[in-house]
Every structure is written in structure tokens, then in C-alpha cells.
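Observations on the model geometry
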Amino acid sequence: MAWACVLLPSLALDGALRNRPPLDTPFALVSGPVQQRRLVAVNAAARAAGLHPGQRLATAQAICRDLATAGHDPHQLAANLALIAAWAYRFSAEVALAPPRAIVLEAGKSLGLFGPWPRFAGRLRQELAGLGFRHQIALAPNPCAAKVLAGVHDGACVPGASALERALADIPITRAGLPPAAADALPGMGVRTLGQLLALPRAALQRRFGAALITTLEQLLGQQPAPFTPYRPPDHFVGRIEWPFGVTNHTTLLFPLRRLLGDLAACVAARDSGVQQFSVRFEHEHAAPTDLTIGLLAPQREAAALFDIAKLRLERTALPHPVIALGVRAATLPPFVPTGHDLFDTRPANAIPWEQLRERLRARLGEHAVHRLAADPDPRPERASAYDTPASPGDPPPLPPRPTWLLERPIPLRGPTPHILAGPERLETGWWDGGDIRRDYYIVEIGNGQRAWAFCPPGERTGWMLHGWFA
Amino acid sequence: MTARTIPATPPALCGTKGADARHRGDAGTVGAPAYAELHCLSDFSFGRGASSARELFVRARRCGYTALAITDECSLAGIVRAHEAARDTGVPLVIGSEIRLDDGLRLVLLAENAVGYTHLCELITRGRRAAGKGAYRLTRADLATGLPGTLALWLPAAVPERAQGEWLHGRFGERLWLAVELHHDTDAAAKLARLTALAHALGIPAVAAGDVHMHLRSRRALQDLLTAVRNHQTLIEARGLLFRNGERHLRRREALAALYPAALIEETLRIARRCTFALDQLHYHYPAELVPGGHTPTTWLRELTKEGLARRWPGGASPAVRAQVEHELALIAELGYEPYFLTVNDIVHFARARGILCQGRGSAANSAVCFALGITAVDPARANTLVERFISKERNEPPDIDVDFEHERREEVLQYIYRKYGRERAAITAEVICYRARSAVRDVATALGLPPDATDKLSFALGHWNGETPLDDRLHEAGFDPASPSIRRILHLTRALLGRPRHLSQHVGGFVISDAPLATLVPVENAAMPERTIIQWDKDDLDALGLLKVDCLALGMLTCLRKTLDLLRQHQRQDLTLATIPAEDPATYAMLQRADTVGVFQIESRAQMAMLPRLKPDHFYDLVIEVAIVRPGPIQGDMIHPYLRRRNGKEAVTYPSADVKAVLERTLGVPLFQEQVMKLAIVAAGYTPGQADQLRRSMAAWKRHGDIERHRERITQGMLARGYTAEFATQLFDQLKGFGSYGFPESHAASFALLAYASAWMKCHEPAAFMCALLNSLPMGFYSESQLVQDARRHGIQVHPVDVRCSDWDCTLERNPDDPAAQSAIRLGLRLVRGLRADAAARISAARAQHAFTDSADLVERAGLDASARRLLAAAGALRALAGHRHAARWAVAGVEPERPLFGLASPPEPGAALPPPTTWEDTRADYATMGLTLGPHPVGQLRAQLRARRCRRSRELKACPSGSRVRAAGLVTLRQRPHAAHGVTFVTLEDEDGMVNVIIWRDLAERQRRTLLAATLLGVDGRWESVDGVQNLIAERLFDYSPLLGALDSRSRDFR
């Protein structure tokens, strides 16, 4: 057996930086409560400016004024590690996560395909660099030893068990992956290397540090199995159908599409989840594929509904070339919240539920043609309604009557002075975003008997502006 | 709508800075109906009211209001300020409070008379005590009695619930009104009609009210902001909760007349006329129970004083002292202050009976009576110049006695007071916490939606802003655009928020004790600390009403001195008390003149040490000056250098007049104390004593009112009229302003000087006991345990390491058996082991007393040490004698089995483990990590070869360098300080194996090498060595960060901002 360990010393930082254009100015990841943020990781420029992890953000900003920061996200860290594991899965059937910053893979069986080791390691390094992750790699007879060696000697290669103990002897105690209690205490007893530690009587060690230390030592020497969790590829849906010939007819595509979407629906149902976004890919022989990305307002898992929407989108899509393969892919599967059905539901058979209608409209008219309208608590009439925001909880404050039709912007009210029916309602507000208004609103009757909503400056009865009509 | 056409001829009134220009012309018109506002919140309704009582009253006067009620929500915390503002503006104050019951019923309660005021106080107390800090809870049951003596205004909800009105009518009867509050938030006529109909149906009168939240419409942005902050939301999130217009201000009477029927406006006057209660009618009595039967307070105080005199002067007091005492007793009797003196005496008596050292200070404390009673140890004969500033009957100023207690034992005193008077009659004074730059910016920026990181940056940039100085550079530096609208909004609102009250907190130790339950006098509420209650007034409020309070403060030096005295007694060296420490000892003054003052009370700081060799104190009064002179007040008033020049004969001592000479003679013509500035105002500017007292309050509280400027004109005119130069007048006023922020009264300085002298005498003559006591009293003072121990060793005191065989919890003295008269050695105590618990140490001492420990297993077993205690002792080197070096000790204690087998040896023998001994460097590191100090070689000494190679000199070599030499030094940074008054200068203190080096870093260097300055633990400095008048400084020209040499040495710098 030969195990390779890929250690990613700057996983958090690289994970944050790989999505940005290259940066040579100081950058740091920060975390902690607002009042006492601390640096979690810093890039080279920040380090050169004198910053280091653990420093308080306020101090860091005092030292380095042009420091750019981003929040540290532990979930992102785990996701990036999973990404590396998925990548490694292409090279070995046995991949395990060694969180927080390493993965191990069985390399012995892969050497035939990718080896010898130097070449294999070279390829790993090249691809990791391409992915944007700095790394340290080592090979050892067991995963634990590989991990420890990768942390201390990048590029270490210990082929056999006989050389292992020698290779481990110089490893500093603090970097040997020992249980924290032992790793903290041993240097204080003058024990600084693994070699010194291995020379001490095991019984005395067990008495002081418990069985955990002994287990760790035996794992390092390969006398016990490694504690890492094997990696399994994630559950997402990918379905694909190929044809030996190019298909040009939309109708011909509908059947396979319905089947793939059925599979998708089955898959998400099995996971008791729903799908909110999926993509349909039409592959062509000599051209880039045509992709349809379909997003829903709420998770769905009814095959018929999914098909309905996809079909509508397909009908409005022009396929430039014959299709040789069709794929459906759903990357993220959010949990599904089923709509409850009343036992005595008397919906006519041909009626469709509102959600489905809404999706159908969106699919046919485009995502930006259908909106939800909601009341907004903003006191300024122009901003008292909002698109696509869920209604705020609780009732809005009781307001005096508002016009049925509010003009998009007020216009001068010409003609003779209107007859005041009620008011004023004085509004002086909105300063916080620079949109301060000061108005006295009145319900007025104008010449033709129509009731209007109009305002003038506070305390005055001139300069009338019309802002709405009452029904 | 006639308001705008009425000709306006308002009288010119003062103090309307910031008033709306639009309102300036037509605020106080004639012809509009008289009006009294009965529902108005000040900024003591935290998170709601946007104007101070003073702003409200000035506006009310401009508008010609007949009266103004201040009705803060379930609070009277702002009512004394309102009382003062009412007095100053002549607009009568109606006292009241707005209340919301738990079922949503809202009303305003107004105090009609003293009975009603008492009921109001009790109601607020009940509500506040029933909820956590800052909140209250009241139910209908709390109103069941109908609160006789109060008037109630019902505040119906937007949709009025008639049942509420009926219920209130049942409780308050003819004392109930329906408040009609019209704010143009809906059609006013319709609302008015609805509410008057409702009032009519209920058979109660309706009255106009304003629900006022601010004095001017222009405060609406600040009011919105407070709403958002109160709800912990941004303004955008809170947009639905804001008032939709700015009508809730003190409106012009014409505007009200246009809105309300005359009858409703009339009614406000009827109510205001009924409310005749004012705060000066409060009757406050000090507790009477301290006087035994057969005595009056007067005879009892005389009796106690007589006994005290006999104690102080067993041979009989001098005629002068007796005359002084007679004079004081007569004055006390005339003003009726005996109960106050008796109360303080009782507290001090309790402390003394418990062996708690205490010391009074303050104007009255330095009286012969207080000396006789033992409240202070300052012999009035010794500091004879002080007596004249005893309480004066002309000034009608309440006596002021603060009592300092040992900091570790003050709680016992507080508990005694609570026990003796009960929680109903004793409570702690409130302290009003006001917005400062940092908290204001933070709240404003957060409410305006600035992201947290930017908010941090901004509040950092505006750290000490006073609301006035230009900020553009600082903002640019921090990466903000000062011209952007959002930044301008933030600054504008920050300025408006600065200095406004934010919440009530508890004063450090001010007690109010009353004969009647306090809640009849002032509301009492819960403090953040459990089992603590505070009254809703702060010390200035009490001062304004002439209520007496006793400050029970905690002082570390008293702990230290008591422990020193105990040690001396215990080791049969001396039997002394504070009062019997030999006075005016030349050796002590010689030490002080050398600035050898590490550990000495008040004069141990770096700034004080720089002053001592220049001032060269050689008698007690010099110490009084020394204590008072190194303060922001004298520094900002530029008084130090004139005083030193005159003292050292470099400048002639002159006085502009004989009057001034009488005031300033003892300080060579330079005012140094608060009292002198007041006295100058009297003799030179023609103030009456009463006015000077006002001036003193303005000085102490000019932040509160911002009205010290009005004294400028008076002082200048008064002095010119008496023949003084304009220059002298300006100088006096500037000095006065300097004192305003940080004045130090002579009466306090005298008490502090006594403790400074006592501690200096101990350091000089009993250094071992003094340092030992100091180490046992930490944390206190200016220096760390490491610096104290180094200082002791430099003075030839032996210090022995922590050792489980001999160390107690406290540090102890170990007598030299060969020479018992010599200074003992100090054995470090287990308390220095960071993280070790006192009970573990106690068990070690107890087990050791039975018989000596044989080995570490024996220690662990018999002292019952847990894993953490074992680890800490091994790490601190306390097991050296039992288990060998640290590595071996840690290995040994880790191997002690927690579970004992029934028979046989506790821990089975095991083969020895070969562990390398720690290096010196490792020991040093472990010493610092576990105790913060080392008795081994100093870390800088261990690096000397490397530092020598970098041409760094030892501090001992520096001391011999001529002034002006170019030198390089290096040391651990023990202090990094950038005082506010020092104009950007940073003071750094470096420590090496010989001692300390004081470094001065000018602003431009600090800016250029900011990173090195902030980050270096081991700092190298190139610079110019300055040595003048025995004061030595290194003026930095270049800094080096040598910290990498130190590795991970845990040396904790104390950063002072």
C-alpha cells in the first residue's frame, strides 16, 4: 500500500481568492463577532505588511490601511475540501477526507495508470495549481504518516514501512497530529520530536495521556487503521441520452426529455427533496452545445410540472444544429415543501393551481414579466409598494385612505384651486437615503367631480401636485 | 390660517443656537391663546426624546408657553435638569411621566402636589423594580388606588378603546382628561370630532396635548435615528415605525390655535394651574437613628468629637485646635449637617471595627472635626492652609466627604449600609452614561446601514472626536469620502447625538441614605448588577437639590497600606497606623526627589516621575501640589511651567493685587487647585460666594449644559472693572476652562498626598514589607508584578521563587536569621501563578503544616490537587524541590494516578524517563507565561550578545551618557501611551536587565514607523539622549523591531490609549 496525502495549507484563503482576479494587495479573511473581528488568514502582501492570523482586525487596519477583507466561511472550507476530494476521485477509488485541510488517496494501485510516483505527483501538482490551490504532497505507507509528512516535508516519499520510523523521528511533536492534550503537554516535558516520544515507555505514556495518544502513534506506524472517512461522490442528478444520428425535430426531443425529467423527479423524490433549478443541454456534433437553464420560484418535484415548464421553454428556443445528445443536470437539490391539498378539494379538473400557473406564465413570458406586488412599510407613497419581496410579517400601520391609482411620479395639478375634501396628511420623511419629502396631502375634488390625491408644500395651499386618483 | 400675518416682534432671547431660521421670526407672538404643553419627552426617555430639557424650555419660552410638563416614559431621571432649565427660563415645570401598561393602555400622569409626586415615584419604582435594567412593567393593578394627588391624561390608541377610558374614569374620576393629540397624520378635523365625541360620551373633559419628542421640527432626523437604534434596526428596516412627519415638536401657539378649539387649549392652563408641586418642596432628612436617647444630633456629635480629640491628643489638644473645633461645630450646627457627619462617622466606625482601612477626602473631610472623628488622618495642623476651605455658610454648599476603602473589602461596607438602612432607604446614585464619539458613530453608522467592517473603521477614525474639529483628513485616511452624502449624514447625526444621555448606570460608590423610604423621594430602579438598586438621579442632580450623598469608593493603595502595617506588626518591626507614620521624614523626601517612586501612590507614573526631580518636594504641602499638578487641568491651562520657573527662582513671583496674593500665595501666584479658581472669581471678578458656587458647578458640569461661556463676559468685565489687565482675565478664564474638564480640588489632593507620603515612607524604610503588600494587593497601580519585583531587587531586597514547600497564597516575608534587623526576603506567593485557585493554595498550606511533602505524589494526594493545579504548579517551577526541573516536574505530576488503588503504593514505580532539562531561555519563557515575571536572568540580558552586535547600549550605560549624545537602546516594551493632552506624542517605556528607559516618539516618526511602533515587543531605538534636571529621556529618531529575537516570549505590554 502507498498513500498520498494532499495537504492544502492555505485552503481557506485560496478558496476565497480563486474566484477573484489575481490580487497583489493585502487581503485577509476575518471572522468573529463584529466588535472583535480577528484575521483568520492573510495573503503574502498582507503578511509583508506585518499582518498575521489571530490579529485583531482593528489593529490590522491601523497597521495597513488599504487592507481588503472578506468573511471567513467554514462551510466554504468544507465545500472546497470536498471539491478537492472529488477531483482526487478521478485518480483513485480510495479517497478519504482528512479535515480540515487535507485529503488522502491510495496511490499504489494508481501508479500503474499514472505512475511512476514522481510523474504522478507532478500531475497532481500541476492540476492543483490549475485549480488555484497551494499544496503539499507526501507519499507514505499509511495515510496518517502521509498526512504528517506532507505537513512537515513537502515532497517526502517514504516507500516502505522499514524507512518509516526513521522518517518520522525528526518530526516536531507539535506537528505530528497528536491529540491536543498530549501535543500541548509534551514540549513542556522536553519531548520535542516524534523520535523522542517513540523512545519513551508506552505504558508511562498511556498513563499520562490516555489511550488516544497510543492509538495515534500506532496509526502513524501503520499498526492501526487510519481514522479518515472515505469519500463518496455527492448526490446530484445527471442524466444523458445519446442518439446515433442528429435530431432536428422538436417533437422528437420531447419524449426523451420527458423521461429524463421523470428520472430527475424520481431522484429528487427519493431524496425527499425538490428541484429549483436544472439545466437541459442539447449537444451538437460540431458546435457548442445549446443550454437551457430553468429556474423555478419554488422547489418542484412533479414530473408533469417540470416537463410542462421545460417544454414551454424548448418551444421558444431555436436549435441551430441537429442534436446528438440530450442531458439534464440538477446540481443543487433543495428541500421540498409540498403544497397541502384539502381532502375535499373541489378544484375543476382542468384548472391548474396558482403556483403552476405562475410558473407557466414565467416560462412563457420570461422571468421578468411576472411579479408579485407587496406593501412596503416605507412612509413615502412612491415607495410604499414593492415588487417580488415577500410581504413583511404583521399588519402595516393603519394609514389614512390611499388612492386606487398612484401616479408613477407626481405631476403639476393645473386649473383652478381644487376643492379640499379632507386633509392635510403631512408627510415629512425619507431623509436617510437622500429622498426626503415634505408634503401636505389632501383629498381634493377637481372640476369634473373626480376625486384626486394631491399635495402642496407644508402649510401652503399653492403649487399643487397631483399624485393619484380615487376610484 | 392667520398665523403668518401676525406681526412678529419677538424679544431677543439667548441660547437658541441651531433653531430653525424659519421659526426665529415668529415664535413668540402675541395674540395667540395661552397654552401649556402637558405631554413632552426629554432625551431621558432613552431612544425616544431627541431634545434636552434645556432645549425644550428655551423653545417653550420663545413660544410663550405658560408651562411645560416633562413626562419621560416611566422615569424621573431627567426631571432635575428640567427643574433647573425651568428655573433658568422662568417657564414653570409640571412634573409627570408617560406610562404604558402591559395591556397597552397609555396615559400621562402629572404630579398635582407633593402627595401625587410621592405616588408617582412609588409607581415608577414599582414598575422599574419589576423588570430588568432599562425596562419596566406595570399593570392595571398598579393604578388601582387612583394615585391621589396626580392628574391623568388618557392617551387613546389610533382606534380608541372606550373601555380603557371607562376604566380610568373609575380610578381617577374628575382627575382624568382625554388627551387630543393632532399631528396631521390623518385628517385632523375628523380625528378631533371623533375624540371630542368620545370624551363627551365618557363624561370627561378633553385637552390638547402635543406628544412632544423634540423641541424643533429640525430634530426629526435625530428622532428617527433614535427610533431605529431603540429597535436595533437600520432606518430602512425601521421605516414603518418612524413618525411620518415632524409635528411632534413644541409648536407655535398660532399653529395650535389653528388646529384645536379654544376650549381644549384653555383646558391645558387649568391643568397646569392645578399642578403646583415643584422639586424645591421636597423634604429630605438624613437618618435619625444614629443618635442615642437623651442626645440631640448636636450634642452627640460634640460628644463624639470630644472623645476623638482625647484619642488624637492624649495630652490634650492645643488651644488653636480646640478653637478650630468649636468654630466648626458651631457652623455644622447652624447648617444642620450633624446627621451627615454622624452617618459618615458610623460607616467609618464600622470599617475600623472590621479592620478595614479607610480615609476621607473632600472639603469637609479636611476639617478638625473629621480628624478627631478619625474620618481622615490629615492633621489639620499639619496642612493648616486647608482649613479655610471648610464648608461655608454663605455658599450654602452641602459638605462633601468621599471615603475611600480598601478595594478588596469595600463590598463589606456596602453590605453594611444596605443591612443597616435597608434597601428602601439606601441606594446607589445613578451615573448617566452619555454618547461619546465612538458609541455615537457606531450607532449612527449602523442605523444608516453601513456594513459592520466600515462601521468599525469609521468609529476607529473618529475615536475621540469632539464634534467640532475638521475631520476630512482622518476620513480620507480611513478610506471614506467626506463629501459623500451618506458620510455627511453620518457626521451630522453623530454631532447631534454626541453627549446625549444613553442609559443609566450605577455610580462607582455614591450612596444616598434617607430617613423616609427613598422611593417617596425619587424613583429607584434595578442596576445591571444583581441585588443592586440605583436611584434615577446622578450626583449633579443631588447637588442641584442639596441632597447629601456619601461616596464609598474603592482604593487599592489602602489595601496595600493595611497589609503593610499588618506585616510590620506581625514581624514585630513597627506598630504604626496611618496617623502615626513619622511625618516630614527627610530620607523619604530625598527618595522622592530622586523619582524613586515605583509603587508609591499617585506619584509613580512616568509623568509624575518626570516632575519629581524638577519639583523637588521637601515637605507635605509640596506633595499636595505634586499630586494635583500632573493633571490634564493644569496641563491644558499651561500652569506647570510658570509654577516650576517661579519655584526654581527663574521667574519673579508677582501678584496683580493683594487680594490675588492671598489666594495664590501658597502656589506662588499660579492657580493649581479648583478652589483657587473659584476664590479668584470672587476676589478678582466680583462674584458672590453663591455665584462662585454656580461657577464651580458650571466647571464640573459644563458638558451638561455647555454654558460656561456665559461666564467669560462676566469674568472679563468684572476683572477689568477691578483694574486687572485683559490679558490676566483671559488667562484666568482659560485656566478655568481647563479645570472644567479635569479640575482637581486641593481638599482631595491633600488626602491623596497623605497616602502618597505614607506609601513613600514605607517604600523608603520598610521596602520588603511594602513590596510584599503591594504584590498581594494587585491588580492596582501603574506597574506589573514583574516591574515591582525588579524594582525590589534593585533596592537590595531578596526575592525567593514560588515553592510549594514554603509559599502561601500571598507573598510572605522570610526573616534573615543572621540579621533580624535587616530587611526580610520576599517569598513569592502562589497567587502569582496565573490561573491557580486560592482554595488549592490553602489546601497546600494546610497539608504542609501537618508535615513536609515527601514528593510530588504526596503533594498531589494530601493537597487534593486537580490536573489543572498540578500542571500550573509544575509549569511555574513551584515543584523544583520535589521533582526537579520543569520537564521532570511536569512528567512527574502527569503520572500521578487520579484513582487511588485500595492497597499499596499510590502510584506504581515506573522506569525513569530520560528527559532533557530546559534551557535558561525555556525557563524564562515558562516564568513569564505562568507568572508574568522571572527571577532568572532578564530576557534582554540573555540577548545582550546579539544586541551588543547591533550596537545597543544597556540602560545603565545610557544614564552616564552626556545629554545630547546619539545612542541606540533596546528593551521590552512595557508601556505604550499616547495621552490626549500630549498632541500626538507617544511615550514608550523600554525595559532591559538594568531598568527602564523612557522614550519619546514624535508624531511624524510614529506615523512613519507605525507598524514597528505598534507591533514590536522588543524595540530598538536610535535617538538623542536628553538629560536635564535629573530627568532622562531618549528622543527617538528611528525604530527597529527586534521581536524576532525573542521567539515566543510572553511579555505583556500594557497599551494605554
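The rules behind these values
Residues numbered from 1 in each chain as written. Chains lettered and ligands numbered in written order. Predicted model: local features only at pLDDT ≥ 70, side-chain atom pairs only at ≥ 80, totals over all residues. Core = buried A, V, L, I, M, F, W, Y, C linked by C-beta atoms within 7 Å. Buried ≥ 20, exposed ≤ 12 C-beta atoms within 10 Å, placed from the backbone. Helix = DSSP H or I, 4+ residues; strand = E, 2+ residues; numbered from the N terminus. Contact = placed C-beta atoms within 7 Å. Axes fitted to C-alpha atoms, helices over the stretch in contact; angles between N-to-C directions. Parallel < 35°, antiparallel > 145°, perpendicular 65-115°, else oblique. Left-handed = near helix turned anticlockwise from the far one by under 90°. Nonpolar A, V, L, I, M, F, W, Y, C, P; charged D, E, K, R; others polar. Domains from an automatic or database assignment. Pairing = 2+ DSSP bridges.

By size, the foremost hydrophobic cluster in this structure holds 327 residues, and its most contacted members are Ile103 of chain A together with Leu68 of chain B. Broken down by element, the residue count for this core peaks at 12 residues, all from helix H32 (residues 746-765) of chain B. Ignoring any residue separated from it by four or fewer positions in sequence, one finds Ile103 of chain A in contact with Val6, Leu81, Ile84, Ala85, Ala88, Val95, Ala96, Leu97 and Ala98 of chain A. Of all hydrophobic cores here, the second largest spans 32 residues; its members include Ala50, Leu225, Leu475 and Leu491 of chain B.

Moving on: unusual backbone geometry. Negative phi values dominate among residues other than glycine, just as trans dominates among peptide bonds. For the bond from Pro99 of chain A to Pro100 of chain A, the omega torsion is 5°, close enough to zero to count as cis. Here Pro100 of chain A lies in the loop between strand S5 (95-98) and strand S6 (102-106). A cis amide bond links Leu778 of chain B with the next residue in sequence, Pro779 of chain B, at an omega value of 5°. Tracing the backbone shows Pro779 of chain B in the loop between helix H33 (767-777) and helix H34 (785-794).

Residues and elements named next belong to chain B. Interhelical geometry of helix H10 (residues 297-312) versus helix H12 (residues 338-353) gives an angle of 45° and a closest axis separation of 9 Å. Taken together, the axes of H10 and H12 lie oblique to each other. When the axes of H10 and H12 are compared, the crossing they make is left-handed. Counting all contacts with H10, which are made through Pro297, Thr298, Trp300, Leu301 and Leu304, the residues of H12 involved are Glu338, Pro339, Phe341, Leu342 and Asn345. Residue composition of the contact of H10 with H12, grouped by class: seven nonpolar, two polar and one charged.

Moving on, we come to the interface of chain A and chain B. On the side of chain B, 41 residues touch chain A, which itself brings 37 residues to the contact. Elements represented by at least two residues in the side of chain A that touches chain B include exactly helix H3 (57-63), helix H11 (202-220) and strand S16 (419-429) of chain A. Looking at the side of chain A that touches chain B element by element, the count peaks at eight residues for S16 of chain A. Split into classes, the residues belonging to the side of chain A that touches chain B amount to 21 nonpolar, nine polar and seven charged.

Below, the discussion takes up the domain arrangement of chain A. Taken domain by domain, chain A holds domain 1 (1-25 + 66-234), domain 2 (237-330) and domain 3 (397-469). Here domain 2 of chain A and domain 3 of chain A have C-alpha centroids that lie 53 Å from each other.

A word on the sheet that holds strand S16 (residues 812-814) of chain B. What links the strands of a sheet is backbone hydrogen bonding, and the strands pair in either a parallel or an antiparallel sense. Strands sit in the order S15-S17-S16 (chain B) across an open sheet of three strands; the sheet is mixed. Edge strands, defined here as strands with exactly one partner in the open sheet, are strand S15 (799-800) and S16 of chain B.

Right, let's talk about the pairing of strand S18 (residues 451-456) of chain A for a bit. Residues and elements named next belong to chain A. The sheet contact formed by strand S17 (residues 437-445) and S18 spans six bridges and is antiparallel. Bridging from a neighbouring strand, Val444 pairs with Ala452 of S18. The pairing of S18 with strand S19 (residues 465-469) spans four bridges and is antiparallel. Looking at the pairing, Phe455 lines up with Met465 of S19.

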